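# Survey of secondary and tertiary structure
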Amino acid sequence: MIIYIKISFFVSKMSKRSYAILGTGALGGFYGAKLQKAGLDIHFLLKSDYEYVSKSGLVIESKDGDFTLTQVNAYNDIEKMPQCDVVVVALKTTQNHLLPQMLPSLVRDNGVVLVLQNGLGVEEEVAKIVGNVSIIGGLCFLCSNKVAAGHIRHLDYGQITIGGYASSYNPTGITDKMRQIADDLKSAGISIELVEDLLLGRWKKLVWNIPYNGLSVILNARTDELMSYVHTRKLVEQLMYEVAAGSKSCGRIIPDSFIQTMLDYTVKMKPYRTSMKIDYDERRPLEVEAIFGNPLRKAQAADVNLPQISCIYQQLKFLDEKIRV
Ligand SMILES: NC(=O)C1=CN([C@@H]2O[C@H](COP(=O)(O)OP(=O)(O)OC[C@H]3O[C@@H](n4cnc5c(N)ncnc54)[C@H](OP(=O)(O)O)[C@@H]3O)[C@@H](O)[C@H]2O)C=CC1
Ligand SMILES: CC(C)(CO)C(=O)C(=O)O
């Protein structure tokens, strides 16, 4: 009797929402695996790791505890995936040209597209592709790498800040859909923050990504190196203030204290090779447009120039093209 009550309580508490993970890499593989481990119904889209993962599953090496999923629902073809309640966009933004082929058949009517990528403007692209769904953006404070096929190494952090998307990034407040997704993620042990204004959240995340991702590639440096030299630390700080100016051009105020917090946070971080630096070293396309181009264009639309970010952008465009010729 006690067992029956316990099981029925567990079943009633467990989410029935199904999730599709588009891109089973460092981020999608990590969060997707945690959701599956918590008992949710997860479907993973893969490319080069498909054969391996469909036979052997996923290995998660994490500072919070290692685990293995010996069996996962793996796909290499979107047409074979079931429609899901929540579609998590976890590709690199450089692959977002594929979203029009992926999203419409995959997301259920009244479902959710959860964009977990870095940068700005992806939710606007998603809104052009699918109607009758809720779009939610997530800012992931995560240090994770894919180290081999189906093998993810979670180094640090992991919190996701989620905010709802409405046309032109008008604040949505906290919606029921956001609460439901947050409950699922929390049930998987993922720390979650809900924000009322996604655009402000995205600009705040750029306070970190613009200086560190950009300078790590241009100066061939890790975060600790950028912070330990007086000139690069100054440059990081100046870029952060320029991101705040970009945010202000969109009517979103980032306080100076937030910039100080990001500088302190990075000094305390374990030495880190940013994801853009890893992409550069591996000769993969860089997420230049989502992280630099879109914010620059948003500010330009409000007649605000961001000269230092523009200078970083031009250099990254050069390097991005050069590594691929
Ligand atoms: N890693 C992190 O700690 C953090 C990442 N982010 C952001 O998250 C996003 C994802 O980054 P991350 O997980 O690091 O990147 P990864 O490159 O590790 O993961 C992306 C995955 O997408 C797969 N993929 C690419 N094209 C296709 C396709 N056509 N079909 C199926 N799968 C495909 C790749 O497979 P294959 O390898 O076979 O090409 C890869 O495994 C980025 O926007 C990044 O900036 C944000 C915060 C932290
Ligand atoms: C800031 C960091 C490294 C982890 O908090 C991150 O989220 C990123 O690489 O985008």
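Reading guide: rules and limits
Sequence order as written defines residue numbering, which begins from 1 separately in each chain. Chains carry letters and ligands carry numbers; both start at the beginning, A for chains and 1 for ligands, and go up in the order they are written. Predicted model: local features are reported for residues with pLDDT of at least 70 only, side-chain atom pairs are reported and counted for 80 or more only, and whole-chain, interface and lining totals are derived from all residues. With hydrogens and water set aside, each side-chain value is computed from the structure's full complement of heavy atoms. Distances are taken per atom, and a residue is near a molecule or strand as soon as one of its heavy atoms is within 4 Å of it. In protein, a polar contact requires one atom able to donate a hydrogen and another able to accept it; more generally it is a pair of N or O atoms within 3.5 Å, and residues adjacent in sequence count only if both atoms are side-chain atoms. Using the Shrake-Rupley algorithm and a 1.4 Å probe, accessible areas are obtained, with residue cover drawn only from the displayed protein chains. Strands here mean DSSP runs of E at least two residues long; helices mean DSSP runs of H or I at least four residues long; both are numbered from the N terminus. The nonpolar class holds Ala, Val, Leu, Ile, Met, Phe, Trp, Tyr, Cys and Pro. Asp, Glu, Lys and Arg form the charged class, and all remaining residues, Gly among them, are polar. The split into domains, and so the bounds of each, comes from an automatic or database assignment of domains. By definition in these notes, contact holds between two residues if any of their heavy atoms fall within 4.5 Å. Computed with a 1.4 Å rolling probe, the buried area is the accessible surface lost when two parts are put together, summed over both parts. In this analysis, the expected span of each helix is defined as 1.5 Å times one less than the number of residues it contains. The reported bend at a residue is simply the angle between two axes, fitted to the 7 residues ending at it and to the 7 residues beginning with it. Partly exposed residues are those whose accessible area sits between 20% and 50% of the maximum for their type, while under 20% is buried and over 50% is exposed, using a 1.4 Å probe and protein chains only. UniProt positions are given in the numbering used here, feature names are shortened, and annotations may be inferred rather than shown by experiment.

In this section: the site of ligand 2. In the region of ligand 2, the neighbouring residues are Asn118, Cys140, Phe141, Leu142, Cys143, Lys205, Trp208, Asn209, Tyr265, Met269 and Tyr272. In this structure, an oxygen atom belonging to ligand 2 sits 3.1 Å away from a side-chain N or O atom of Asn118. In the environment of ligand 2, an oxygen atom lies 2.9 Å from a nitrogen or oxygen atom belonging to the side chain of Lys205. For ligand 2, whose free accessible area comes to 290 Å², the fraction covered by protein is 97%. For the shell around ligand 2, the elements supplying multiple residues, two or more each, are β8 (134-148) and α7 (198-218). The leading source of residues in the shell around ligand 2 is β8, at four residues. For the shell around ligand 2, the class distribution of residues is eight nonpolar, two polar and one charged. Residues lining the shell around ligand 2 come from more than one domain, with at least three contributed by each of domain 1 (2-196) and domain 2 (201-322).

Lining the immediate environment of ligand 1, one finds 26 residues, of which Ala26, Leu27, Ser48, Asn118 and Glu287 sit closest. At a separation of 2.9 Å, an oxygen atom of ligand 1 approaches a polar backbone atom of Ser144. Take Lys146: an N or O atom from its side chain is 3.3 Å from an oxygen atom of ligand 1. Surface burial for ligand 1 is 87%, taken as the share of its 890 Å² of free accessible area covered by protein chains. Listing elements by their share of the shell around ligand 1, those giving two or more residues are α2 (26-37) and β8. No other element matches the five residues that β8 contributes to the shell around ligand 1. Looking at the shell around ligand 1 residue by residue, the classes come out as 13 nonpolar, eight polar and five charged.

Moving on to the domain arrangement of the protein. Structurally, the protein comprises domain 1 (2-196) and domain 2 (201-322). Computed from C-alpha atoms alone, the centre-to-centre distance between domain 1 and domain 2 is 25 Å. With 26 residues of domain 1 at the interface, the matching set in domain 2 holds 22 residues. Counting the surface lost from both domain 1 and domain 2, the interface buries some 2100 Å², and carbon and sulfur atoms represent 53% of this.

Turning next to helix α12 (residues 288-301). When the terminal C-alpha atoms of α12 are compared, their 18 Å separation across 14 residues agrees well with the 20 Å that a helix rising 1.5 Å per residue should span. Its axis deflected by about 25° at Asn294, α12 carries its strongest bend there, up to four residues before the proline Pro295. Residues Val288, Ala290, Ile291, Phe292, Gly293, Asn294, Pro295, Leu296 and Ala299 constitute the buried set of α12. The inward-facing, buried residues of α12 contact α5 (122-129), α7, α9 (230-249), α11 (275-281) and α13 (307-322). Count one or two residues on from α12 and you reach Asp303, which has phi positive near 65°.

Mapped onto this numbering, the UniProt entry gives "domain: Ketopantoate reductase N-terminal" (unreviewed entry) at residues 19-165. The span residues 19-165 is 24% helical and 44% strand by assignment, and the distance between its end C-alpha atoms comes to 19 Å.

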